[in-house]
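Inside the fold
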Amino acid sequence: QSGKKHECKRDLLVLTDVLSLCVSSTVSMFLNTLTPKFYVALTGTSSLISGLILIFEWWYFRKYGTSFIEQVSVSHLRPLLGGVDSSSPSNSNTSNGEADSNRQSVSECKVWRNPLNLFRGAEYNRYTWVTGREPLTYYDMNLSAQDHQTFFTCDSDHLRPADAIMQKAWRERNPQARISAAHEALELEDCATAYILLAEEEATTIMEAERLFKQALKAGETCYRRSQQLQHHGTQYEAQHRRDTNVLVYIKRRLAMCSRKLGRTREAVKMMRDLMKEFPLLSMFNIHENLLESLLELQNYADVQAVLAKYDDISLPKSATICYTAALLKARAVSDKFSPEAASRRGLSTAEMNAVEAIHRAVEFNPHVPKYLLEMKSLILPPEHILKRGDSEAIAYAFFHLQHWKRVEGALNLLHCTWEGTFRMIPYPLEKGHLFYPYPICTETADRELLPMFHEVSVYPKKELPFFILFTAGLCSFTAMLALLTHQFPELMGVFAKAFLSTLFAPLNFIMEKVESILPSSLWHQLTRI
């Protein structure tokens, strides 16, 4: 029996030696038969595949803000591996909270009319004549066309020929077609909306626009008084009265803006105050923001504070004008004597702390404004619509309010010293806000549609590249480099490839040898039989 065991052990050793020789000879023969073209094809194919993955990952990230591979891992692979599915709420309270946050995010992404929008004919078109650039995007102008149809038309316009023509004119895309339709309507009768269109788009100066708006005011007041007497006679007359009210408020607001642009600021303030008293419920035009800007021009800071006390309420929607005007008033009280060195030695006083907190509040609401106020980024003409907390709102605010910050001594210095400290207070990765709701994910997309192509959109918070995009980019670059080197130096890269593979299999051969020497021969024989 001992002789048979000895022979079995000897046969087993011979068998393992033969197998190892066969494997090594097969591997060496396979490596020797591989040509340099194979290595080029292998590395080129892997580079192509990783490049395609990189392109797809980058497109998905730009569109949805997350990595596709990470999304699949979290949504599908983690539940299969026994992880918690974060997409399924644990209870009804969680689902209600998520629904509320989603609704808040959608409401935050709403596009608003710019209260201080310029005149197309007298200002936007003049910019185009001088620079050859279009300051307004098609998306922005399309929103304005929808606003005009909402405010200046009603279902009964077909009963009056001039209003029927203007109803079609607001839908026209071609500016010359709209202007021609307005002239055609004026040939039939004095039409307030026709005068509005000509003042906005045909007038090349503010004085000419003001003259047309005054003519529109006469026609608008006549229609308003007529519809006011008939508004209770049915839904049709009520709709006419609502339309005539919108037209009258729009005309008076634009007349006040003409007075402000022509230097008659006190007259503009009076017109805005009267308009807000006469129509207190029409807050959709945000006339108080026009009033704040005019009062700042007059340096009537007490009245500015009174307007803020009425509109800077927790139940009302905020804006950059509200938040930054409040910060300007707080900064005005301390900015002339503020010194960063002195403040670091003695600490901030109560008034300085209030000013800094007001600046932090404003910066958290819209973090894009300081770069424009500090002239770290160039301004462009503001669009006709803005996204609150976005770059478009920052441009619209800074375009009109930069001069007011410059007028207050030391205000910009205080802003420069303190605004970046806001970002240390906001939780990261912005899962929840500090004083306001988190920044909506649609901010960058909406701003890119509202602002012209030649403007570099300011984005906050910056989207960080996911790991898989960086990984695929590195993999694609590495394999492309290998393919290029293999094509240029095929023999040398073949030697490197063989050396790499032999080095790669060396630990495995070492482990096999150790296992052979450690395990008993009988156990090793049973394992080989298995």
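Looking up the protein chain in an unreviewed UniProt entry gives the name Suppression of tumorigenicity 7, with the organism given as Echeneis naucrates. The protein chain has a UniProt comment under Subcellular location (unreviewed entry) that states "Membrane". Listed in UniProt under the heading Sequence similarities (unreviewed entry), the comment for the protein chain reads: "Belongs to the ST7 family."

Brief notes about the overall build of the protein chain
Check the secondary structure of the protein chain and you find 24 helices and two strands. Out of the 530 residues in the protein chain, the part that is buried amounts to 41%. As presented, the protein chain carries roughly 30,200 Å² of accessible surface, and 59% of it is formed by carbon and sulfur atoms.

Points about the side chain of Ser458
Residue position: Ser458 is located in the loop between helix H21 (443-450) and helix H22 (467-488). Since its relative accessible area comes to 15%, Ser458 is described here as buried. Beyond its immediate sequence surroundings of up to four residues, Ser458 is in contact with His368, Tyr372, Lys377 and Asp391.

Topic: the packing of helix H13 (residues 287-297) against helix H14 (residues 301-311)
When two helices pack together, their arrangement is given by the angle between their axes and by how far apart the axes lie. Running from amino to carboxyl end, H13 crosses H14 at an angle of 160 degrees, the nearest separation of the two axes being 9 Å. Our classification of the angle between H13 and H14 gives roughly antiparallel. For H13 against H14, the interelement crossing comes out left-handed. Taking contact as the criterion, the partners of His288, Leu291, Leu292, Leu295 and Leu296 in H13 are, on H14, Tyr301, Asp303, Val304, Val307, Leu308 and Tyr311. Residue classes in the contact of H13 with H14 are distributed as nine nonpolar, one polar and one charged.

Focus: the packing of helix H7 (residues 161-169) against helix H8 (residues 175-188)
Relative orientation of the contacting elements H7 and H8 amounts to 175 degrees, with a least axis distance of 9 Å. Classed by the angle they form, the pair H7 and H8 counts as roughly antiparallel. Of H8, the residues touching H7 (which contributes Pro161, Ala162, Ile165, Met166 and Ala169) are Arg178, Ala181, Ala182, Glu184, Ala185 and Leu188. Here the residues of the contact of H7 with H8 are counted per class, giving nine nonpolar, no polar and two charged.

Details of the side chain of Asn366
With respect to the helices and strands, the residue Asn366 is situated in the loop between helix H17 (350-365) and helix H18 (369-373). A distance of 3.1 Å separates a polar side-chain atom of Asn366 from the backbone oxygen of Gly390.

A few points about helix H20 (residues 411-418)
Along H20, the residues that are buried comprise Ala411, Leu412, Leu414, Leu415 and Thr418. Buried positions in H20, seen along its axis, are confined to an arc of 160 degrees and lie on one side of it.

Brief notes about the packing of aromatic side chains
Going through the model one piece at a time under the given rule, you end up with six aromatic pairs. Centroid distance Phe399 to Phe400: 5.0 Å. Interplanar angle 75 degrees. Geometry classified as edge-to-face. Note on Phe400: relative accessible area 12%, which makes it buried. Aromatic ring contacts, followed pair by pair, group Phe152, Trp170 and Tyr250 into a single cluster. For the cation-ring pair, Lys110 lies above Trp112, with the distance from its terminal atom to the ring centre recorded as 4.5 Å.

Some thoughts on the environment of Ala162
Among the structural elements, Ala162 can be located in helix H7. The buried category is assigned to Ala162, whose relative accessible area is 0%. Once the C-alpha coordinates of Ala162 and Cys191 are considered, the two residues, 29 residues apart in sequence, prove to be 6.6 Å apart. Apart from the residues lying within four places of it in its own chain, the contact partners of Ala162 are Ala185, Leu188, Glu189 and Cys191.

Looking at a nonpolar patch on the surface
On the surface, Phe478, Met481, Leu485, Phe489, Leu492 and Phe496 cluster together into a nonpolar patch covering about 600 Å² of accessible area. The dominant element in the nonpolar patch, judged by the number of residues it contributes, is H22, at three residues. Residue placement: Phe489 occurs in the loop between H22 and helix H23 (490-518).

Some details on unusual backbone geometry
A positive phi angle is found at Glu375, which is not glycine, with a value near 55 degrees. Residue position: Glu375 is located in the loop between H18 and strand S2 (385-387). Among the residues examined, Glu375 registers a relative accessible area of 53% and is labelled exposed. Despite not being glycine, Arg389 shows a phi value in the positive range, around 75 degrees. Position of Arg389 relative to the elements: it lies in the loop between S2 and helix H19 (391-407). Residue classification places Arg389 among the buried positions, given a relative accessible area of 2%.

What counts, and where the lines are drawn
Residues numbered from 1 in each chain as written. Predicted model: local features only at pLDDT ≥ 70, side-chain atom pairs only at ≥ 80, totals over all residues. Heavy atoms only, no water. UniProt positions renumbered as here; feature names shortened; annotations may be inferred. Helix = DSSP H or I, 4+ residues; strand = E, 2+ residues; numbered from the N terminus. Buried < 20%, exposed > 50% of the residue type's maximum accessible area, 1.4 Å probe, protein only. Areas by Shrake-Rupley, 256 points an atom, 1.4 Å probe, with all protein chains shown as cover. Contact = heavy atoms within 4.5 Å. Axes fitted to C-alpha atoms, helices over the stretch in contact; angles between N-to-C directions. Parallel < 35°, antiparallel > 145°, perpendicular 65-115°, else oblique. Left-handed = near helix turned anticlockwise from the far one by under 90°. Nonpolar A, V, L, I, M, F, W, Y, C, P; charged D, E, K, R; others polar. Polar contact = N/O pair within 3.5 Å; in protein donor to acceptor, adjacent residues only side chain to side chain. Arc of directions from axis to C-beta. Phe/Tyr/Trp six-rings, centres within 6.5 Å; stacked < 30°, edge-to-face > 60°. Lys NZ or Arg CZ within 6 Å of the ring centre and 35° of its normal. Patch = residues over 30% accessible without salt bridge, like charges linked within 9 Å, V, L, I, M, F, W, Y side chains within 5 Å. Salt bridge = Lys/Arg side-chain N within 4 Å of Asp/Glu carboxyl O.

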